[in-house]
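Structural overview for review
Residue strings, one per chain:
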Amino acid sequence: MNLKPFIHHLLGCSILIASCSPIKEETRITGLIAEQAMVVSARKEASQVGVSILREGGNAFDAMVATELALAIAFPFAGNLGGGGFMVFRKADGEIGSIDYREKAPLAATVDMYLDENGDVIPRLSTTGALAVGVPGTIAGIFEVHRMHGSLQIEKILAPVISLAEKGVVVTERQAASLQANLSILTEVNGPNSKFSKTYQAGDTIKYPELAQTLRRIATNGRDEFYKGETAQKLVDFLTENGGIITLDDLASYEAVWREPIQFDFQGHTITSMAPPSSGGVTIAQILGMIEGFDLKNFGHNSPEYIQVLVEAERRAYADRNFFLGDPDFNFIPTLQMMDKNYLKERMSTFNWDQATKSTDVAHGQINFQESDETTHYSIMDQFGNALAITTTLNGAYGSKLYVEELGFFLNNEMDDFSAKTGVPNMFGLIGAEANKIEPGKRMLSSMTPTLVEKDGEILMIVGTPGGSTIMTSVVQAILNVIVFEMSMQEAVNAPRFHHQWLPDEIRFEKDVFTQVTFDALKSKGYLINESPSPIIGKVDAILKLSNGKLEGGADHRGDDAAVGF
């Protein structure tokens, strides 16, 4: 009998005895409980707009349109008209699907556009200013969702969003700090007279009259207003003046794409997530597939043993992600092979309880065949039984930092999600390969992971998060917290998180929540611990359907996130 796992279990329980104990019912922490419908997003104002559409008799798809645009007002840090995203859905009748409204490289983009004459990456060129901007997909995405599944008139859906833009949104403490931290770069990029080149205090109200006008034109003229109309012309003129390469042809040719989602089983649950060009679905399938054979509950939540197993799976999955994944319209992506149980078992065959695997010893797997920290996720469940997970982004904080004053929104810096040069990390430290090189009209690889979980043929959970490269590990941990450790949705969201992404070869932990004893136990096996204050690892917004049919919202306390329902 191999006693090592048992010994490790005892050590884990002695270190984190509380996490190995069942949660007493009277001490459970729960989020907002709603009878019929719920929206959980990064700001209460956006969640309220989404729920107002549901109260008007609209469905989850209508609410998605309203919430998406309301986030551009309430949460311009990541909410957007000038970015893109992914949505995964499950309708009340069990039909599943997903839409890709990820940005694209402009037609004038070239593989070496961010390199100097020596072939070195030019700092900031792919992250700041007009040349960093990919062709936006948000408006195309929400209109395509509405065309296929919406029920209310678009004018009715946009009315509360336009009202919010005119009325404005009160600045929170966190938003004031965020704007202050970015004030210098926002002023540098946009000049001293920009709306965001001034200091905002908590309690101030920011109004968006220009965005209200843009939305009115879109409500009247539809998606073509953004891609072929007056708004398109204003956008192209603005980008050209600022050194960008996006043209009217780029906008006119943009289309959102319906894609077959990734679906797999884990411990009796069916998990549906986003397919490439999102790396999310495949990567969480790999991580969960590699750890499924381990007795995670016995190890204890966030015990050294639990962390070790998860880190080793993450290490291997991210190595595969960075090599194989890209835009499926430009590359063959071996998704089935990457998710094959025998392949995943082989990937974990080098796991050793006594010693950390070094990332330098882990390459991508052998398969034979011929992405933001500054993202935002929201979850919607409507009164009709439709479930939506949506993740949308500008990539970096306030995207490229470029704000279109006349139109009222920020533009993305998604071009940084391509591999500017093979082997050179992007802003999230992710290493890219040939599959994610820059090509005209190509969608850049993303880490966004909007995800649905079913149990016994019924929806159980809607989950997703921002967090750049930490998105996938945060989603995995939230799912495990509910499925394995039987936490409430709010407890699962609140629980401390950790992250490993192959390179750099280190484990990052949330600040001030893990013990030095845990760190020492991992260090003794050769794990490299980054003990510097870590940025937030994910900001999960999720919905759990309870056994009594009610809904519990898990809104992340790490932000101003809020659940609203009825």
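Figured I'd write up the structure that's included with this text.

The rules behind the values
Per chain, the residues get numbers from 1 upward, laid out in the order the sequence is written. Two thresholds apply to this predicted model, a pLDDT of at least 70 for residue-level local features and 80 or more for giving and counting side-chain atom pairs, whereas whole-chain, interface and lining totals are computed over all residues. Computation of side-chain values: all heavy atoms of the structure, hydrogens and water removed. Method remark: on a 1 Å grid restricted to protein atoms, a set of points is classed as a cavity if a 1.4 Å probe fits but cannot get out and as a pocket if it is open with protein on both sides within 12 Å along at least five of seven lines; lining residues have an atom within 4 Å of a point. Grid points are joined across faces, edges and corners, and a volume is the space filled by probe spheres set on the points. In this count, Pro and Cys sit with the nonpolar residues alongside Ala, Val, Leu, Ile, Met, Phe, Trp and Tyr, while Asp, Glu, Lys and Arg are called charged and the others, Gly among them, polar. Definition used in this section: a nonpolar core is a set of buried Ala, Val, Leu, Ile, Met, Phe, Trp, Tyr and Cys residues joined via side-chain atoms within 4.5 Å. Exposure is judged per residue with a 1.4 Å probe applied to protein chains only, and the accessible area is read against the type maximum: over 50% gives exposed, under 20% gives buried, and values in between give partly exposed. Put simply, DSSP marks the helices as runs of H or I at least four residues long and the strands as runs of E at least two long, and each gets a number from the N terminus on. Only strands that DSSP links by at least two bridges are regarded as paired with each other. For helices, the fitted line uses only the C-alpha atoms of the stretch in contact; every axis is such a line through C-alpha atoms, and the angle between N-to-C directions lies from 0 to 180 degrees. These descriptions rest on fixed angle ranges, namely under 35 degrees for roughly parallel, over 145 for roughly antiparallel, 65 to 115 for roughly perpendicular, and the rest for oblique. Crossing handedness: left-handed means the near helix sits turned counterclockwise from the far one by under a right angle, and right-handed means the same turn made clockwise. Note on contacts: a residue pair is in contact if any heavy atoms of the two residues lie within 4.5 Å. For this analysis, a ring pair means two rings from Phe, Tyr or Trp (six-membered ring only for Trp) whose centres lie within 6.5 Å, classed as stacked if their planes differ by under 30 degrees, edge-to-face if by over 60, and tilted for the remaining angles. For a lysine, the NZ atom is tested; for an arginine, the CZ atom; a charge sits over a ring if that atom is within 6 Å of the ring centre and within 35 degrees of the ring normal.

1. As for empty space enclosed by the protein
- In this structure, the second largest cavity spans a volume of roughly 40 Å³.
- Here the lining of the second largest cavity is built from residues that sort into four nonpolar, three polar and four charged.

2. Overview of the nonpolar core
- Met64, Leu81 and Ile380 are the most contacted members of the largest nonpolar core, which totals 87 residues.
- Sort the elements by how many residues they give to this core and helix H3 (residues 60-74) lands first, with twelve residues.
- Counting residues in each nonpolar core, the second largest holds 85 residues, with Ala275, Leu296, Ala356 and Ala389 among its members.

3. A word on the sheet that holds strand E18 (residues 529-530)
- Taking strand neighbours across the sheet as the criterion, the three strands line up as E16-E17-E18 in an open arrangement whose pairing is mixed. The open sheet has two edge strands, strand E16 (498-499) and E18, and neither has a second partner.
- Note: strand E17 (residues 507-509) against E18, two bridges, orientation parallel. Across the sheet, residue Ile507 finds its bridge partner in E18, namely Ile529.

4. A few points about the packing of helix H14 (residues 304-324) against helix H17 (residues 471-483)
- Axis separation between H14 and H17 bottoms out at 11 Å; the angle between their running directions is 140 degrees. In terms of axis orientation, H14 runs oblique to H17. In this structure, H14 crosses over H17, and the sense of that crossing is right-handed. Where H14 approaches H17, its residues Tyr306, Leu310, Glu314, Tyr318 and Arg321 are matched on the opposing element by Met472, Thr473, Val476, Gln477 and Leu480.
- Taken together, the residues of the contact of H14 with H17 sort by class into six nonpolar, two polar and two charged.

5. Quick notes on the packing of aromatic side chains
- One pass over the structure, following the stated rule, counts 24 aromatic pairs.
- With centroids separated by 5.7 Å and ring planes inclined at 85 degrees, the aromatic side chains of Phe294 and Phe351 adopt a geometry described as edge-to-face. One end of the pair, Phe294, is in the loop between helix H12 (280-291) and helix H13 (296-299); the other, Phe351, is in the loop between helix H16 (341-347) and strand E10 (374-381), and 57 residues separate them in sequence.
- Geometrically, the ring pair formed by Tyr306 and Phe485 is edge-to-face, given 5.4 Å between the ring centres and 85 degrees between the ring planes. For the residue pair Tyr306 and Phe485, the accessibility class agrees, reading buried in each case.
- A connected cluster of aromatic rings, assembled from ring pairs, spans Phe75, Phe77, Phe196, Tyr200, Tyr208, Tyr398, Tyr403 and Phe410.
- It is Lys195 that lies over the ring of Tyr208; its NZ or CZ is 5.4 Å from the centre.

6. Quick notes on the pairing of strand E20 (residues 551-555)
- Taking burial as the measure, the five residues of E20 include five buried ones, the bulk of the element.
- What you see with E20 is no split at all: Leu551, Gly553 and Ala555 on one side and Glu552 and Gly554 on the other are buried throughout.
- Where strand E1 (residues 33-34) and E20 come together, two bridges link them in antiparallel fashion. Counted as the bridge partner of Ala34 is Leu551 from E20.
- Sheet topology note: the strand E19 (residues 541-545)/E20 ladder contains five bridges and is antiparallel. Within the sheet, the bridge partner assigned to Asp541 lies in E20 and is Ala555.

7. Details of the sheet that holds strand E8 (residues 262-266)
- Reading across from one edge, E1-E20-E19-E15-E14-E9-E8 is the order of the seven strands in this open sheet, with antiparallel pairing throughout. Looking at strand neighbours, the two that pair on one side only are E1 and E8, the edges of this open sheet.
- In this sheet, strand E9 (residues 269-273) lies alongside E8 in antiparallel orientation, the contact comprising five bridges. Bridge assignment links Phe264 to a residue of E9, and that residue is Ile271.
- In the packing of H12 onto the sheet, contacts are made with E8, E9 and strand E14 (451-455), and the angle to E8 comes to roughly 15 degrees.
- Running at roughly 140 degrees to strand E15 (residues 458-463), H17 makes contact with E8, E9, E14, E15 and E19 of the sheet.

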